Amino acid sequence: MLFTDFQLDNRLLQSLKHMGIDTPTDIQEQAIPVALAGKDLMASSKTGSGKTLAFLLPAMQRMISTRALSKRDPRVVILLPTRELATQVYSQLRLLVANTQYKAIKILGGENFNDQAKSLARDPHFIVATPGRLADHLAQHHLHLNGLELLILDEADRMLDLGFAPQLQAIHRAADHKRRQTLMFSATLDHTDINNIAAELLNSPEHVAVGAANTSHADITQHVYLCDHLDHKEAVLSRLLSQDEHKQIIIFTATRQDTGRLADKLAKQGFKTAALSGDLNQGQRNQIMDQFSRGLQKILITTDVASRGLDLLNVSLVINFDMPKFSEEYVHRIGRTGRAGSKGDAVSLVGPKDWRNFENVQQFLHKTFTLSVFDDLKPKFSGLKDKPKRTKNTSSTVKKHKKTTNNKQKSKNAPAKRDKRFLSGVDVGDAPMLRKPKSPLQDE
Ligand code: AMP
């Protein structure tokens, strides 16, 4: 199948040609016809699968081929959980609107509110936004959504994890009319909150799922090195980096303190390194991402803030210096490589503290990893054994004790769930899933 098989305007086909894109990916093949038919859509697809164009192309086509419901109101609103993702979608959209009369703006948290109010007053056709800031403008009547034709929610699961449900509902209520179409994309559709919000916002949606989040990614080779302690991890890391087979590398750490510490260490070893961490302001974050995407640095060290969606085509190695708490996050992290058909490697360094999370990843992926080892850096650590379960207990006090022990055991072994306990909890580094306390990384 080719893009020319869809009923797309010639200008869109020209733009695709300029982008060097001619064959639709699986998600595009399935989602574009549904969206072009005007139906609501709930889609899940693997990271790097081309989902941005799967919603931008039908959005553009709708603009070109139908009359606006309102001259003043935006016709398409695209919501994303983070500023980085929004910026990325906006830059793809800019390529598509370049040949047309349509105006697109982005409205992101952390940027000047009054300037945004002014650009909203110029009646843009497209708005790419983070939900909190757009809801603020809505509350101030800087825009009206009565004429909204298409609402697109990208990474909807992440927006819900960040606590944006009230803002999504407010935006939905402001645009709640029969002629609105809604497209919702999420890494997983297997999420109660997703189904609840879908029931509220979408109207008899068609479901499209291309490659579940836990199916293996053929273009990414995954490796695991066991490590005894921090020094051992750093020695294995130095060895991996010295092999120098890779164009660009992303290293994920558990906390922003580790990010800074490791960045200093690697810089001292002579690597061109950038650290993206939570205490930076938006301008610094943009600058770092921009420099890294232009190839000015070889290594980016970060926490889970960069694990989703970022489209960095030259990253050929992802290293989990620490294993992520949530298994889904593992999939997003390694998905920063192997994008758009290129090959990549993902390496996980697993010490005693990472063991439970590592086991959860194996369980999530239905996969047992083969372990890799450098001969001169062999680990003593060979994994933690499960505590043997007690079997014989008769007295009621012992029974009671046994129950608490098993519960503890269960919570230790259970895969980390994306539930409220974790979202409102502490110690998730500066992952943007934290709602409280408000972190500088949290987008509005
Ligand atoms: P996405 O999953 O939307 O972040 O897209 C990942 C990358 O794939 C981006 O660099 C897109 O430009 C690229 N891409 C999207 N669709 C296609 C396609 N049909 N063929 C080749 N590359 C594509």
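Residues numbered from 1 in each chain as written. Predicted model: local features only at pLDDT ≥ 70, side-chain atom pairs only at ≥ 80, totals over all residues. Heavy atoms only, no water.

Engineer: I keep staring at the sheet that holds strand β11 (residues 299-302) and nothing clicks. Help me out?
Structural biologist: Strands belonging to one sheet form pairs held by backbone hydrogen bonds; the direction of such a pair is parallel or antiparallel. Strand order in the open sheet made by the 7 strands is β10-β11-β9-β12-β13-β8-β14, with parallel pairing throughout. The open sheet has two edge strands with one neighbour each: β10 (273-276) and β14 (371-372). Here strand β9 (residues 248-252) runs beside strand β12 (residues 315-320); their pairing, made up of 5 bridges, is parallel. Across the sheet, residue I249 finds its bridge partner in β12, namely L317. (Pairing = 2+ DSSP bridges. Helix = DSSP H or I, 4+ residues; strand = E, 2+ residues; numbered from the N terminus.)

Engineer: Mind showing me how you'd approach the packing of aromatic side chains here?
Structural biologist: The way to describe two aromatic rings as a pair is by their centre distance and the angle between their planes. Scanning the entire structure with this criterion turns up 7 aromatic pairs. Both rings, one in F55 and one in F185, keep their centres 5.3 Å apart while their planes meet at 55°; by these two values the pair is tilted. One end of the pair, F55, is in helix α3 (residues 51-65); the other, F185, is in strand β6 (residues 181-186), and 130 residues separate them in sequence. We classify F185 as buried; its relative accessible area is 1%. On the basis of an interplanar angle of 20° and a centroid distance of 4.9 Å, the ring pair of Y225 and F374 is categorised as stacked. Of this pair, Y225 sits in strand β8 (residues 220-226) while F374 is found in the loop between β14 and α15 (396-413), placing the two residues 149 residues apart along the sequence. Accessibility classification places Y225 together with F374 in one group, the buried group. Ring pairs connect the aromatic residues Y330, W355, F358, F369 and F381, which therefore count as one cluster. (Phe/Tyr/Trp six-rings, centres within 6.5 Å; stacked < 30°, edge-to-face > 60°. Buried < 20%, exposed > 50% of the residue type's maximum accessible area, 1.4 Å probe, protein only.)

Engineer: Looking at this structure, I do not really get unusual backbone geometry. What am I missing?
Structural biologist: If a residue is not glycine, its phi is most likely negative; likewise, a peptide bond is most likely trans. Here the phi dihedral of E155 falls at roughly 55°; this positive angle occurs in a residue that is not glycine. With a relative accessible area of 6%, E155 lands in the buried category. In this model, S204 sits at a positive phi of 40°, which is unusual for a non-glycine residue. Here S204 shows up in the loop between α9 (192-201) and β7 (206-210). Here S204 falls in the exposed class, since its relative accessible area comes to 63%.

Engineer: How do you make sense of the sheet that holds strand β2 (residues 76-79) when you look at a structure like this?
Structural biologist: Pairing within the open sheet is parallel, and its 7 strands lie in the order β3-β4-β2-β5-β6-β1-β7. Sheet topology places β3 (104-107) and β7 at the edges, where each strand pairs with a single neighbour. Here the strands of the sheet are splayed against their neighbours by 15° on average, with no regard to which way each runs. Judged from the 4 bridges that link them, strand β1 (residues 41-45) and β6 form a sheet pairing that is parallel. In the strand pairing of β6, A43 is matched with F185. Sheet strands touched by helix α2 (residues 26-36): β1, β6 and β7. Its angle to β7, the strand with the most contacts, is close to 170°. Packing of helix α5 (residues 113-121) onto the sheet brings it into contact with β3 and β4 (126-129), and relative to β3 it is tilted by some 150°. (Axes fitted to C-alpha atoms, helices over the stretch in contact; angles between N-to-C directions. Contact = heavy atoms within 4.5 Å.)

Engineer: What's the story with the packing of helix α13 (residues 327-334) against helix α14 (residues 355-365) in this structure? I'm lost.
Structural biologist: Pairs of packed helices are described in terms of their axes, by the angle between the two and the distance that separates them. Where α13 contacts α14, the two axes come as close as 8 Å, and the packing angle between them is 80°. Taken together, α13 and α14 sit at an angle that is classed as roughly perpendicular. Taking contact as the criterion, the partners of S327, E328, Y330 and V331 in α13 are, on α14, N360, V361, F364 and L365. When its residues are assigned to classes, the contact of α13 with α14 shows 5 nonpolar, 2 polar and 1 charged. (Parallel < 35°, antiparallel > 145°, perpendicular 65-115°, else oblique. Nonpolar A, V, L, I, M, F, W, Y, C, P; charged D, E, K, R; others polar.)

Engineer: Explain the environment of H172 to me, please; I cannot follow it from the model alone.
Structural biologist: Looking at the secondary structure, you find H172 in helix α8 (residues 165-174). For the pair formed by H172 and E200, sequence separation is 28 residues and the distance between their alpha carbons is 8.9 Å. Leave out the neighbours within four places in its chain, and H172 touches R180, E200 and L201.

Engineer: When you look at the pairing of β6 in this model, what are you seeing that I'm missing?
Structural biologist: As a general feature of sheets, a regular strand has side chains that alternate between the two faces. Of all 6 residues making up β6, 6 are buried, and the element is well covered by its neighbours. Across the two faces of β6 the burial is the same, with Q181, L183 and F185 and T182, M184 and S186 all buried. Pairing of strand β5 (residues 150-153) with β6, which is carried by 4 bridges, proceeds in the parallel orientation. When the bridges of β6 are listed, L153 appears paired with M184.

Engineer: Hey, could you run me through the pairing of β12 in this one?
Structural biologist: Buried residues dominate β12, accounting for 6 of its 6 residues. Direction of pairing for β12 relative to strand β13 (residues 344-350): parallel, over a ladder of 4 bridges. Bridge assignment links N320 to a residue of β13, and that residue is S348.

Engineer: Looking at this structure, I do not really get the environment of Q169. What am I missing?
Structural biologist: Structurally, Q169 can be placed in helix α8. Along the chain, Q169 and P131 lie 38 residues apart, while their C-alpha atoms are 10.0 Å from each other. In this structure, Q169 is in contact with I197 and E200, ignoring residues within four places of it in sequence.

Engineer: Sorry, what's going on with the pattern of salt bridges here?
Structural biologist: A pair can form between side chains of opposite charge whenever their charged atoms are brought close. If you walk through the whole model with that rule in mind, you get 17 salt bridges. Its salt-bridge partner being R285, residue E84 comes within 3.0 Å of it at the nearest N-O pair. Of this pair, E84 sits in helix α4 (residues 83-97) while R285 sits in helix α12 (residues 282-293), and the two are 201 residues apart along the sequence. Residue class for E84 comes out buried when judged on its relative accessible area of 9%. Classification of R285 by relative accessible area gives buried; the value is 1%. Here R356 ties to E359 by a salt bridge, and the two come within 3.3 Å at their closest N and O atoms. One end of the pair is R356 and the other is E359, both in helix α14 and 3 residues apart, which spans about a single turn. Using a relative accessible area of 27% as the deciding quantity, one classes E359 as partly exposed. (Salt bridge = Lys/Arg side-chain N within 4 Å of Asp/Glu carboxyl O.)

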